[in-house]
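# Structural features, examined
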Amino acid sequence: MTVRVGVIGAGMIGQDHIRRLTDVITGARVTAVTDIDEARASEVAARVDATALPTGTDLINSPEVDAVLVTSWGPTHAEHVLNAIAAGKPVFCEKPLATTAADCLRIVEAERAHGRRLVQVGFMRRFDAGYRQMKEVLTSGSIGTPLIVHCAHRNPTVPHSYTSQMAAQDTAVHEIDVLRWLLDDEIVSAQVLTPRATSKRFDHLKDPQIMLFETANGIRIDLEVFVNCQYGYDIQCETVGEDGLIRLPDPAAVGVRTAGRHATAVLQDWKGRFADAFDTEFREWIASVEAGAEPTGPSAWDGYAATVITDATVRSLDSDGTLVTVDMKPRPAFYGGTA
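Residues numbered from 1 in each chain as written. Predicted model: local features only at pLDDT ≥ 70, side-chain atom pairs only at ≥ 80, totals over all residues. Heavy atoms only, no water.

## Considerations on the side chain of Asn-228
Along the chain, Asn-228 falls in the loop between β10 (220-226) and β11 (234-241). Among the polar contacts made by the side chain of Asn-228, one reaches the side chain of Asp-207 at a distance of 2.9 Å. Sequence-distant contacts of Asn-228, defined by excluding residues within four places in its chain, comprise Asn-155, Pro-156, Thr-157, Val-158, Thr-198, Lys-200, Arg-201, Leu-205 and Asp-207. (Helix = DSSP H or I, 4+ residues; strand = E, 2+ residues; numbered from the N terminus. Polar contact = N/O pair within 3.5 Å; in protein donor to acceptor, adjacent residues only side chain to side chain. Contact = heavy atoms within 4.5 Å.)

## Section: the layout of surface pockets
There is about 1,200 Å³ of room inside the largest pocket. Contributions of two or more residues to the lining of the largest pocket are made by α1 (12-24), α2 (38-47), α4 (77-87), α7 (166-183) and α8 (270-291). Class assignment of the residues belonging to the lining of the largest pocket gives a composition of 17 nonpolar, 18 polar and nine charged. (1 Å grid on protein atoms, 1.4 Å probe; cavity = no way out; pocket = protein on both sides within 12 Å on 5 of 7 lines; lining within 4 Å. Points joined across faces, edges and corners; volume = space filled by probe spheres on them. Nonpolar A, V, L, I, M, F, W, Y, C, P; charged D, E, K, R; others polar.)

## Some words on the packing of aromatic side chains
For the coordinates displayed, the defined rule picks out eight aromatic pairs. Ring geometry for Tyr-233 and Phe-274: centres 6.4 Å apart, planes at 85 degrees, overall edge-to-face. Highlighted residues: Tyr-233 in the loop between β10 and β11 and Phe-274 in helix α8, separated in sequence by 41 residues. Judged by centre distance (6.2 Å) and plane angle (90 degrees), the rings of Phe-282 and Trp-285 are edge-to-face. (Phe/Tyr/Trp six-rings, centres within 6.5 Å; stacked < 30°, edge-to-face > 60°.)

## Quick notes on α7
The terminal C-alpha atoms of α7, which comprises 18 residues, lie 24 Å apart, in line with the 26 Å expected from a rise of 1.5 Å per residue. Of all the bends in α7, the greatest measures close to 60 degrees and is centred on Ala-172. Summarising burial for α7: 14 of the 18 residues are buried, a large majority. Where α7 terminates, the next one or two residues include Asp-184, which has phi positive at roughly 50 degrees. (Expected span 1.5 Å × (residues − 1). Bend = angle between axes of the 7 residues up to and from the residue. Buried < 20%, exposed > 50% of the residue type's maximum accessible area, 1.4 Å probe, protein only.)

## Side note on the packing of α7 against helix α9 (residues 300-318)
Their axes nearest at 9 Å, the elements α7 and α9 cross at an angle of 125 degrees. Of the possible angle classes, the one that applies to α7 and α9 is oblique. In this structure, α7 meets α9 at a crossing whose hand is right-handed. Judged by residue contacts, Ala-168, Gln-169, Val-173, Ile-176, Asp-177 and Arg-180 of α7 engage Trp-301, Asp-302, Ala-305, Ala-306, Ile-309, Thr-310, Thr-313 and Val-314 from α9. (Axes fitted to C-alpha atoms, helices over the stretch in contact; angles between N-to-C directions. Parallel < 35°, antiparallel > 145°, perpendicular 65-115°, else oblique. Left-handed = near helix turned anticlockwise from the far one by under 90°.)

## Quick notes on the pairing of strand β6 (residues 119-122)
Side-chain alternation along β6 places Val-119 and Val-121 on one buried face and Gln-120 and Gly-122 on a second face that is also buried. Bridge analysis of strand β5 (residues 91-94) against β6 gives four bridges, and the strand direction is parallel. Its bridge partner being in β6, Phe-92 is matched across the sheet by Gln-120. Assessed by its sense of winding, the connection that carries the chain from β5 through helix α5 (residues 101-114) to β6 is right-handed. (Pairing = 2+ DSSP bridges. Right-handed = clockwise from strand over helix to strand, strands pointing away.)

Structural data, given as structure tokens:
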């Protein structure tokens, strides 16, 4: 079986995923594309011998589409995901699942009413080899009970359109999701501290930020978000347990020794850092669709949880560092909870 995928949103990430589905992943073919820019949709569709359709609704209801990939503007995600659920089609939605917690809950309830999982959310770090190795060690218990997690998320620069709130909503959201998964624990509070600001930022931006989280089991997490660090794209994660610690490995790079120095290159963007994780993410999603199985990646509930936690983080930032309790609904049994 070849899974026929319809893509809603032909911007940068949409085109990158179309390339991935066409040139990297086996068992998939992009058969339909739509975008608010009809000319762009037609151009992108022509490259892969797909059909350009006028709207997301047309694409979802097309008999030539088995599964839906949503890579459009964030505020449109809820509509497309809900329509895919109504059509009974598997849907992969790039983060965010929706821009409000209320819309995320609408998706959760629609999927529960459908009776089986159809939604996967695009948090790619769960598919990164280093994070998966960390998960194996933590699950084995070899470093004992986790106590503290130290993280950093650094970008060389960001555009003028980047806002202080996006440090949580677009940047830290990846750590928020992957730490919930790594620790098998829920984040219950958030606090944002703003140290001395870098002179390299735009005037409207608070950068860097230090985000402090606590989990239901009392694990303390500190996360440095520094989006104008200048030197590169740098992702760090270290978990300290009762009997040892585990650290996320840096990407493999050759060491160069010359002129009295030993140096290794630092990646400059997220594409290079997580290219393999994106490939694995889509390979496993397509395999689940092909097998008629439920997706194994981040669920609609994970999308809801990430939105609720980032909302609390932004509230702390906007209130000058007030500790904010995360107001999350109980996890339904449908998603592995007890409610």
